[in-house]
Amino acid sequence: HMHAFRVEIHRRIAAPLLAPLFTLISCAALLLGPVRRRGQTRRIVAAVMSVTVLQGLFLAFFNLSKESILALPLMYLVIFVPLIFSVFLLTGLSENFRRGFLYGKRATS
């Protein structure tokens, strides 16, 4: 029963971190890139799909961690890797990366 208690403690620590993660994913998807008159349907769908996949992975790793303690780091990995990447995209440090990825050309600076 101690293993189940530890897994639940980790879930209660990690699960609230999903809310800022989902917010940052949405912000990164909607704020970055060119603005077009026809809307941002692709970006909205990409953000929703990303959040859905991450939520599913979190739940899958939570359920796996009930069987094996080795799955606990994966629960945190699903949170922190996209969180760090989203923060990176929203900062000025990623300007050259974003221009190359979104526009297909390097920044001239």
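The text that follows walks through the structure, step by step, so that each part is easy to find.

## A short note on the pattern of salt bridges
Then, in step 1: Tallied over the entire structure, the rule returns two salt bridges.
Then, in step 2: Measuring nitrogen to oxygen at the nearest pair gives 3.0 Å for the salt bridge that ties Glu8 to Arg12. In this pair, Glu8 and Arg12 both sit in helix 1 (residues 2-14), four residues apart, roughly one turn of the helix.
Then, in step 3: Under the relative-accessibility criterion, Arg12 is labelled exposed at 57%.
Then, in step 4: Each member of the salt-bridge network shares a partner with another, and the members are Glu8, Arg11 and Arg12.

## Brief notes about the nonpolar core
Then, in step 1: Within the largest apolar cluster, 17 residues are counted, with the highest numbers of intra-cluster contacts made by Ala14, Leu18, Leu21, Phe22, Leu54, Phe58 and Met75.
Then, in step 2: The contact partners of Phe58, leaving out residues within four places of it in the chain, are Arg11, Ala14, Ala15, Leu18, Met75, Val78 and Ile79.

## Comments concerning the packing of aromatic side chains
Then, in step 1: Considering all chains together, one arrives at four aromatic pairs under this definition.
Then, in step 2: Here Tyr76 and Phe80 contribute two aromatic rings whose centre-to-centre distance is 6.5 Å and whose plane-to-plane angle is 15°, an arrangement assigned as stacked. Of the two residues, Tyr76 and Phe80 are both situated in helix 4 (residues 72-90); the distance of four residues between them amounts to about one turn of the helix.
Then, in step 3: You can call Phe80 partly exposed: its relative accessible area is 34%.

## Looking at helix 2 (residues 18-31)
Then, in step 1: Over its 14 residues, helix 2 runs 20 Å from end to end, which matches the ideal 20 Å to within 8%, given 1.5 Å per residue.
Then, in step 2: Taken together, the buried positions of helix 2 are Leu18, Leu21, Phe22, Ile25, Ala28 and Ala29. The buried residues of helix 2 occupy one face: seen down the axis, they fall within an arc of 130°.
Then, in step 3: Lining the buried residues of helix 2 we find helix 1, helix 3 (41-67) and helix 4.
Then, in step 4: Remark: Gly33 follows helix 2 within two positions and exhibits a positive phi of approximately 100°.

Calculation criteria
- What you see as residue numbers is a count from 1 along each chain, following the sequence as written.
- Where totals are concerned, whole chains, interfaces and linings use all residues; where local detail is concerned, this predicted model gives features only for residues with pLDDT of at least 70, and gives and counts side-chain atom pairs only at 80 or more.
- Only hydrogens and water are set aside; all other atoms, that is, all heavy atoms of the structure, feed into the side-chain values.
- When a carboxyl oxygen of Asp or Glu is within 4 Å of a side-chain nitrogen of Lys or Arg, the pair counts as a salt bridge.
- Numbering of helices and strands runs from the N terminus; a helix is a DSSP stretch of H or I covering at least four residues, while a strand is a stretch of E covering at least two.
- Throughout, exposure labels follow a simple rule: accessible area from a 1.4 Å probe, protein chains only, divided by the maximum for the residue type, with under 20% read as buried, over 50% as exposed, and the rest as partly exposed.
- Take the buried residues of types Ala, Val, Leu, Ile, Met, Phe, Trp, Tyr and Cys, join any two whose side-chain atoms come within 4.5 Å, and each joined set is a nonpolar core.
- The contact rule is simple, with two residues in contact once any of their heavy atoms fall within 4.5 Å.
- Side-chain rings of Phe, Tyr and Trp, where Trp is taken by its six-membered ring, are said to pair if the distance between their centres is within 6.5 Å; with planes under 30 degrees apart they count as stacked, over 60 as edge-to-face, and otherwise as tilted.
- Given the number of residues in a helix, its expected span is that number minus one, multiplied by 1.5 Å.
- To be clear, the arc concerns the directions from the helix axis to the C-beta atoms.

Purely spatial values, then, with no claim about function.
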